[in-house]
Structures are given as C-alpha cells and as structure tokens.
Amino acid sequence: MSRPITGATLVAGVAGSPVAHSLSPLVHNAWIAAAGLDAVYVAFAPHADGFRAFAEGLRGGAVRGLNVTIPFKADALAVADRPSDRARRAGAANLLIFEADGTIVADNTDGIGLLAAFAGHDPKFDPAAGPVVVVGAGGAARGAAAAFLAAGAPELRIVNRTRAKADAIALDLGSRVQAFGLAEATAAFAGAAAVINATSVGLTDPQSLALPLHAAPDRAVAMDMVYGRSRTAFLVAAAARGLATVDGLDMLIGQASPSFEAFFGRPPPPVDVRALALAHLQAGP
Ligand code: NAP
C-alpha cells in the first residue's frame, strides 16, 4: 500500500521543460517506498525563461532539493550560492539543494553517473586507459569531458557538427582536450579507449549521425547518453562492429543515486530500478 502524504512529508523533485517523460520520479519514488521514507519526488515544468524565479522561490527549503534537466542546467549553476568544483568545471548543475538558511547548493552528479555506467559494464574499466572521444558539444558533452579529465583520461577528443562549439570546450578545459569537426571523426576515433555519443541524436533519425566506428580499436567501449525502449542506432552499430556497449539508462540511475543521498541523507536501498525503468519505457506510448 502506498504511504500517505503527511504534513511532515519531505518534497524533492526534478525540474525540466519538457519534463513529463522524465524517469527520475519513477526511480526516486521506488527508492523512497523501499526505504520507508515520509517523502515524495515530483516533476516541475517551470516556464522556459522562468527557472531562476522558480528556484529563488524555493530558498529556505520548502522543497528539499531538485534535480535539473534540459534546458535549465546552466541556469541552475547560475542561481547557486555554493556550486561544487565539478559543477563549475562542467558549466552546469543537475542537482540543487535548498538549505534551511536560504543558501542554494549546486552539484553535478552526471559525471558520477557516466563513470558509474562504465564501471557497471566492467568494474575494471579504467577511465585513464586511453583517449576518450565525446561526440557532441552541448552541456552533456562538456560534463562528460570534465568527468573523464578529472578521472585521469590522458586525452579528450570532442567531435561536433558545429566545430566552433567543440573548440570552445577545448579552450575552457585545457591542453588535454582537442576539437574535431564531424568530417574529422575518423582521426578522432583512432586509438580511442571509449567513444561516447553525447548528441541528442538517438532513437530517431539514426541516419543523421553516421560515425566511423570502424576506426575505433576492437577494445573500445561505446556509450550512448540517450536511452529509450530499445537500443539506440549508435549502440546497434557499435555492437555490430563488435564493441562493448554501455547505455544511457545506467548513467541516469548512476546520477540519481548521489542525488537521492543528498536529498534524504542516506544511500538508496537495493531496488532494481533499471528493470522498473525499462518496463515503463516498454509500456510507454
Ligand atoms: P544540447 O546542449 O542540446 O546539445 C546537443 C548536441 O547534439 C550538440 O552538440 C548538437 O550539435 C548535437 N546534434 C544535435 N542534432 C545533431 C545532428 N542531427 N547531427 C549531429 N549532431 C547533432 O544537449 P545536451 O544537454 O548536451 O544533451 C545531449 C543528450 O544527452 C540529450 O539527448 C540528453 O537527453 C542526453 N543526456 C542523458 C543523460 C543521462 O543520464 N543518460 C544525462 C545528460 C544528458 P551542434 O552543436 O552542431 O548543434
């Protein structure tokens, strides 16, 4: 039986636009139920230019905290009084905590989720083992690059349709980062230990992103941040090429776990939230 909402129920949530498709409420509420917490996790869709006012209004802790998703991650960093180093390095926050004294604390757990997804695939995966290719130059790509650099990757290669955006990340993140246009992707994939799709090209329009997976070594691991009810076109192509694959759902769960701990002061209980999420995706419209 579901627990009643009480006057003491702790509220946390996710803010995005659109947000109705988010799996975060499913994941966090499954953990809340299993842990027996008097808490609830809900979705908020602030107006596209209204995130700052929305977050300012939560100062003082009426809501314990928020995960933040597209398109508000940069706004979430900007509104915070105390951003973590990794949020500053990523240029984005996916987690805000509203302290009782009015302070807003920001963090970025996407990088933790990304590395946890690789470790879940192979506990011996070493982020420092070789060059890492990140395709895309949006917030997710920047966060992935920052996380792999912090974990010791010797070289980050950012490949993007709009080369200037890859150049900007390279300039910000330092000499271990190189920028490539899509036409130069073959050179970027050569010798890579991991190749990560951090574009928004996923389940739909698979033809729009033809990547030279043949140029990656046999030992390379392919990861797609996008997830859905079935494997993305990129992961289907990577598996056909014989590469090991990691999907975006594991990253989503990997970033949710430290968020839950920040909201509720305890790690999530052992629940197979991946199976729940997959069942939900498969039952969806
Ligand atoms: P974003 O800022 O909108 O960036 C999108 C990127 O995709 C840009 O680099 C863009 O290139 C590229 N792109 C879009 N359409 C393209 C096409 N047809 N061909 C080539 N490149 C194309 O998005 P984001 O915030 O970085 O997020 C990227 C993806 O990661 C989203 O799908 C998001 O849902 C996913 N994500 C997943 C997780 C997770 O936990 N699994 C976490 C974070 C993000 P241009 O610069 O040339 O426009």
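These notes cover the structure that comes with them. The numbers attached to residues start from 1 for each chain and follow its sequence in the written order. Since the coordinates come from a predicted model, pLDDT governs what is reported: local features require at least 70, and pairs of side-chain atoms require 80 or more to be given and counted, while whole-chain, interface and lining totals use all residues. Hydrogens and waters are ignored; side-chain quantities use all the structure's heavy atoms.

Another aspect to go through is the pattern of salt bridges. Between Lys or Arg on one side and Asp or Glu on the other, a salt bridge is scored when a side-chain nitrogen of the former is within 4 Å of a carboxyl oxygen of the latter. For the structure shown, the criterion picks out 14 salt bridges. A salt bridge links Arg52 to Glu56, with the nearest nitrogen and oxygen atoms 3.9 Å apart. One end of the pair is Arg52 and the other is Glu56, both in helix α2 (residues 51-56) and four residues apart, which spans about a single turn. Per-residue accessibility, obtained with a 1.4 Å probe over protein chains only, is compared with the maximum for each type, and a residue is labelled buried under 20%, exposed over 50%, and partly exposed between these values. Since its relative accessible area comes to 44%, Arg52 is described here as partly exposed. Notably, a salt bridge pairs Asp85 with Arg88, separated by 2.7 Å at the nearest N-O pair. On the criterion of helical spacing, the pair formed by Asp85 and Arg88 is a turn pair, its members being three residues apart in helix α4 (residues 85-90). Asp85 sits in the partly exposed class, given a relative accessible area of 48%. Through salt bridges with shared partners, one network takes in Arg52, Glu56, Arg59 and Asp81. Elements are defined by DSSP. Helices are runs of H or I of four residues or more, strands are runs of E of two residues or more, and each kind is numbered from the N terminus.

Before going further, it helps to examine the nonpolar core. Core analysis: the largest hydrophobic core is formed by 28 residues, its most contacted members being Leu114, Phe118, Val134, Phe148, Leu156 and Ile196. Among the elements of the structure, α5 (110-121), β7 (132-135), α6 (139-150), β8 (156-160), α7 (163-173), β9 (177-181), β10 (194-197) and β11 (221-224) are those that each provide at least two residues to this core. With five residues, α6 is the single largest residue contributor to this core. Buried Ala, Val, Leu, Ile, Met, Phe, Trp, Tyr and Cys residues that are joined via side-chain atoms within 4.5 Å together make up what is termed a nonpolar core. Val14, Ala35, Val105 and Leu252 belong to the second largest nonpolar core, which has 25 residues in total.

We now examine the site of the ligand. It suffices for a single heavy atom of a residue to lie within 4 Å of a molecule or strand for the residue to be listed as near it. Taken together, 23 residues form the shell around the ligand, and within it Ala137, Asn160, Thr162, Lys165 and Met225 come nearest. A 3.5 Å cut-off defines polar contacts: any pair of N or O atoms within that distance qualifies, except that in protein one atom must be a possible hydrogen donor and the other a possible acceptor, and neighbouring residues in sequence count only when both atoms are side-chain atoms. In this structure, an oxygen atom belonging to the ligand sits 2.8 Å away from a main-chain N or O atom of Ala137. Gly139 is positioned such that a nitrogen or oxygen atom in its backbone is 3.2 Å from an oxygen atom of the ligand. Elements with a minimum of two residues in the shell around the ligand: α6 and α10 (248-264). Domain start and stop points were drawn from an automatic or database domain assignment. Each of domain 1 (10-108 + 252-283) and domain 2 (111-246) contributes no fewer than three residues to the shell around the ligand.

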